[in-house]
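Letter by letter, the chains look like this.
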Amino acid sequence: MELKNDLLLRAARGEKTERTPVWMMRQAGRILAEYRAVREKAGSFIQLATTPELAAEVTLQPVDLLGVDAAIIFSDILVVPEAMGLPYEMVEQRGPVFPATVHSMKDLEKLHVAEPETDLKYVLDAIKITKQGLENRVPLIGFAGAPFTIFCYMTEGKGSKTFSVAKKHLYADPEFSHALLQKITDSTIAYLKAQVVAGANLVQIFDSWAGILSPEQYRIFSLPYIKQICDAINEVPVTVFAKGAFFARKEISELSCEVVGLDWNMDIRESRELIPNKTLQGNLDPCVLYASYDQIKIEVKKMLEQFSTQRYIANLGHGVYPDTDPDKVRCFIESVKEYSSL
């Protein structure tokens, strides 16, 4: 059935839109009291993410409460390594922690390429339930972490400012690094294709730690694997969001994706020149949403004037911060709709 609001998909495909579509990374989360209530009922983040009915409920909340033009399935990028045989825990105030990590070919032999229909069935079920709840109102976005970003967590075991353990492997054992990256890539392709079959209308690849690599390392250890994913997913539009990889925008523009996400450190006009034939997404600094309502409107208008309203999807330059006032978020969304309408 046709979507009632297909602005996001038309913008992704480069088609004309009446106004700019808008959604936010991490829009289903702690900014909403309604999310916190469901999270408390679930008992833990992982329990929430692995219970399809609850994951679907919080996926729908931003559509109902904030008026965004797309839903993004509530999940986590680290479900892929868990599906490969490397479970993780979500520790309060610390974030994700892997009790075991991967450092050698012997460790790698213990892992398998994820089989989404069994290993990640709960995500696919959540997508199906969410699609029913959306009733074709807006598109549903699926997602996965980029192979290098997943590699970071599987080798480091936790978040890090430098990911020096992960980067050490790139220099000290490139053979192992490429082997692990390939296994992650194979798992990710299977996972994203399964999300599309389940009902995802667009998928996004999050390379959250792209910016810790040098340009040369990024070309060797990240881009080739993202390229494999983009080449494999041809059923729906693909967005690549590589945070901090300002140096790779030209190479990213050559990938077979439809949309390129920008963080707030990437100059808009320069990005248009470097990425002329793709739809751009972004890139308001999430901290702008701490400003006054009037200032938020000024910043949104400034952003829209630089992007122009076509071949553009409005978003933040990263995920919305959990202590952001939901009314400031609504101001951002409503300002995009107001200033971008033809």
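So, here is what we can say about the structure in this document.

### Digging into the layout of surface pockets
Then step 1. A volume near 1400 Å³ is recorded for the largest pocket.
Then step 2. Listing elements by their share of the lining of the largest pocket, those giving two or more residues are helix H2 (33–42), strand S2 (89–91) and strand S3 (95–97).
Then step 3. Among the elements that line the lining of the largest pocket, the one with the most residues is H2, at three residues.
Then step 4. Considering only residue class, the lining of the largest pocket consists of 21 nonpolar, nine polar and seven charged.

### Observations concerning the sheet that holds strand S9 (residues 312–316)
Then step 1. With parallel pairing, seven strands are arranged side by side in an open sheet as S1-S4-S5-S6-S7-S8-S9. Strands at the two margins of the open sheet, each flanked by one partner only, are strand S1 (71–72) and S9.
Then step 2. Of the pairings in the sheet, the one linking strand S8 (residues 279–284) to S9 comprises five bridges and is parallel in character. Bridge pairing in S9 places leucine 284 opposite leucine 316.
Then step 3. Lying on the sheet, helix H11 (residues 174–198) is in contact with strand S4 (140–145) and strand S5 (202–207); it crosses S4 at an angle near 170°.
Then step 4. The strands that helix H13 (residues 223–232) touches are S5 and strand S6 (238–242); relative to S5, the one it contacts most, it runs at about 175°.

### Some remarks on the pairing of S5
Then step 1. Burial runs high along S5: six of the six residues are buried.
Then step 2. Both faces of S5 are covered, namely the face carrying Leu202, Gln204 and Phe206 and the face carrying Val203, Ile205 and Asp207.
Then step 3. One ladder, built from five bridges, connects S4 with S5; its direction is parallel. Across the sheet, the residue bridging to alanine 144 is isoleucine 205, located in S5.
Then step 4. The pairing of S5 with S6 spans five bridges and is classified as parallel. Each residue of the ladder has a partner; that of glutamine 204, found in S6, is threonine 239.

### Overview of the packing of aromatic side chains
Then step 1. Scanning the model with the defined rule gives 13 aromatic pairs in all.
Then step 2. Taking the centre distance of 6.5 Å and the plane angle of 45° together, the rings of phenylalanine 151 and phenylalanine 176 count as tilted. In this pair, phenylalanine 151 is assigned in helix H9 (residues 147–156) and phenylalanine 176 in helix H11, connecting sequence segments 25 residues apart. The pair phenylalanine 151 / phenylalanine 176 is uniform in exposure class, with both members buried.

### With respect to the pattern of salt bridges
Then step 1. A full pass over the atoms with the stated rule returns 13 salt bridges.
Then step 2. Across the pair aspartate 125 and lysine 121 runs a salt bridge, and its minimum N-O distance is 2.8 Å. With aspartate 125 and lysine 121 both in helix H8 (residues 121–134), this residue pair falls four residues apart, about one helical turn.
Then step 3. On the accessibility criterion, aspartate 125 (21% relative accessible area) is partly exposed.
Then step 4. Looking at lysine 121, the relative accessible area reads 44%, which means it is partly exposed.
Then step 5. One salt bridge in this structure joins lysine 250 and glutamate 254, with 3.2 Å as the shortest N-O distance.
Then step 6. Residue class for lysine 250 comes out partly exposed when judged on its relative accessible area of 45%.
Then step 7. Connected through salt bridges with shared partners, the residues Asp6, Arg10 and Glu18 form a single ionic network.

### Notes on the state of the cysteines
Then step 1. A complete count under the given rule lists zero disulfides for this structure.
Then step 2. Left unpaired, cysteine 257 is separated from the closest cysteine sulfur, that of cysteine 230, by 4.8 Å.
Then step 3. On the basis of relative accessible area, cysteine 257 is assigned to the buried category, the value being 4%.
Then step 4. The thiol of cysteine 287 is unpaired, and the distance to the nearest cysteine sulfur, on cysteine 331, comes to 16 Å.

### Overview of unusual backbone geometry
Then step 1. In the segment running from glycine 282 into asparagine 283, the intervening peptide bond is cis, with an omega of -15°.
Then step 2. Along the chain, the position of asparagine 283 falls in strand S8.
Then step 3. Positive phi, normally seen in glycine, also occurs at asparagine 136, with a value near 65°.
Then step 4. Relative to the helices and strands, asparagine 136 is located in the loop between H8 and S4.

Cut-offs applied
- Residues numbered from 1 in each chain as written.
- Predicted model: local features only at pLDDT ≥ 70, side-chain atom pairs only at ≥ 80, totals over all residues.
- Heavy atoms only, no water.
- 1 Å grid on protein atoms, 1.4 Å probe; cavity = no way out; pocket = protein on both sides within 12 Å on 5 of 7 lines; lining within 4 Å.
- Points joined across faces, edges and corners; volume = space filled by probe spheres on them.
- Helix = DSSP H or I, 4+ residues; strand = E, 2+ residues; numbered from the N terminus.
- Nonpolar A, V, L, I, M, F, W, Y, C, P; charged D, E, K, R; others polar.
- Pairing = 2+ DSSP bridges.
- Contact = heavy atoms within 4.5 Å.
- Axes fitted to C-alpha atoms, helices over the stretch in contact; angles between N-to-C directions.
- Buried < 20%, exposed > 50% of the residue type's maximum accessible area, 1.4 Å probe, protein only.
- Phe/Tyr/Trp six-rings, centres within 6.5 Å; stacked < 30°, edge-to-face > 60°.
- Salt bridge = Lys/Arg side-chain N within 4 Å of Asp/Glu carboxyl O.
- Disulfide = S-S within 2.5 Å.

Distances and angles like these do not, on their own, reveal function.
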